[in-house]
Amino acid sequence: MIGSACFVLGSVPAYLDAVGTTVDGVTYFVGSIFFTSASLGQLLQAQTPEMTGVDEQGQHRPTRVRWRAWLPHDRNWLAAASQFPGTLFFNVSTFAALADYTSFQDVDQQVWRPDFFGSTLFLVASAFALLALEQHGLRQQLRTLPGQIAWINMLGSILFMLSAIAAFVLPSGVPVDDALAVGGTLFGAVCFLVGAALMFPAWRHEVRSATTGGDRP
């Protein structure tokens, strides 16, 4: 949520005008660090069975974290494993954006390519998350919190990809579509923010279901 909020804030033109390009760039970079830390947490959770499916008591019980795993048949793990390197690409692109470049080739190499690769991996991760849903059919999926989170994150990933494409710097030195680049980042980050916020009630529902023996959403 903090990382998404930083990306939302950094995309607001009024904020850029108020603080300048350097502070705005730092805001994006800080947001990318929170993206990465959250993604790492999701990856560790996906490959540590004891961290999921817990009840009221189990959620407070310390467990040994599984730092390495290879679970190619687990779509939840594939989603987390695809997303984590994507966040690292955003670390690179947001850090590189803090530097000054003299040509569009430099911007393409140092900023746009990592941004594009990161957006691509976000799309892959979102696709795996949708495939991991237990319900079939869009209507059934949207009736559950996991389904809502997965589709909101997919929308955010699509917007991030549109932003990356629109931010490509042409030989003339101008981006393809500056408004779409900014808007895609802004509204994509809003989607990720909403999806992250929904994780709280989703987790409470999972814990309550495990405690009472009820059905999972």
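Residues numbered from 1 in each chain as written. Predicted model: local features only at pLDDT ≥ 70, side-chain atom pairs only at ≥ 80, totals over all residues. Heavy atoms only, no water.

Regarding the overall build of the protein chain
Check the secondary structure of the protein chain and you find nine helices and zero strands. Helices and strands appear in the protein chain in the N-to-C order α-α-α-α-α-α-α-α-α. By the compact-globule yardstick of 17 Å for 217 residues, the protein chain fits well, its C-alpha radius of gyration being 19 Å. Looking at the 217 residues of the protein chain, the share that counts as buried comes to 36%. Pairs at least 24 residues apart make up 67% of the contacts formed inside the protein chain by residues separated by at least 6 positions. A total of about 12100 Å² of accessible surface is found on the protein chain, and carbon and sulfur atoms cover 65% of it. Where the 11 positive side-chain charges of the protein chain centre and where its 15 negative ones centre are 15 Å apart. (Helix = DSSP H or I, 4+ residues; strand = E, 2+ residues; numbered from the N terminus. Rg over C-alpha atoms; globule rule 2.2 N^0.38 Å. Buried < 20%, exposed > 50% of the residue type's maximum accessible area, 1.4 Å probe, protein only. Contact = heavy atoms within 4.5 Å. Areas by Shrake-Rupley, 256 points an atom, 1.4 Å probe, with all protein chains shown as cover. Lys, Arg positive; Asp, Glu negative; His and termini not counted. Charge placed at Lys NZ, Arg CZ, Asp CG, Glu CD.)

A short note on the environment of Ser37
By secondary structure assignment, the location of Ser37 is in helix α3 (residues 21-46). Classification of Ser37 as partly exposed rests on a relative accessible area of 42%. Separated by 160 residues in sequence, Ser37 and Ala197 place their C-alpha atoms 16 Å apart.

Focus: the side chain of Ser93
Among the structural elements, Ser93 can be located in helix α4 (residues 75-96). Exposure remark for Ser93: the relative accessible area of 4% places this residue in the buried category. Among residues more than four places away in sequence, those in contact with Ser93 are Gln110, Val111, Pro114 and Asp115.

Comments concerning the confidence of the model for the protein chain
Mean pLDDT for the protein chain: 91, with 97% of residues reaching 70 or above. Within the protein chain, no element has a lower average pLDDT than helix α9 (residues 199-212), which sits at 88, and none a higher one than helix α1 (residues 2-11), at 97. (pLDDT = per-residue confidence, 0-100.)

Quick notes on a nonpolar patch on the surface
A grouping of Ile2, Val26, Val30, Phe34, Phe95 and Leu98 is seen on the molecular surface, where their side chains present a nonpolar patch of about 500 Å² in accessible area. The dominant element in the nonpolar patch, judged by the number of residues it contributes, is α3, at three residues. Mapping Val26 onto the fold places it in helix α3. (Patch = residues over 30% accessible without salt bridge, like charges linked within 9 Å, V, L, I, M, F, W, Y side chains within 5 Å. Salt bridge = Lys/Arg side-chain N within 4 Å of Asp/Glu carboxyl O.)

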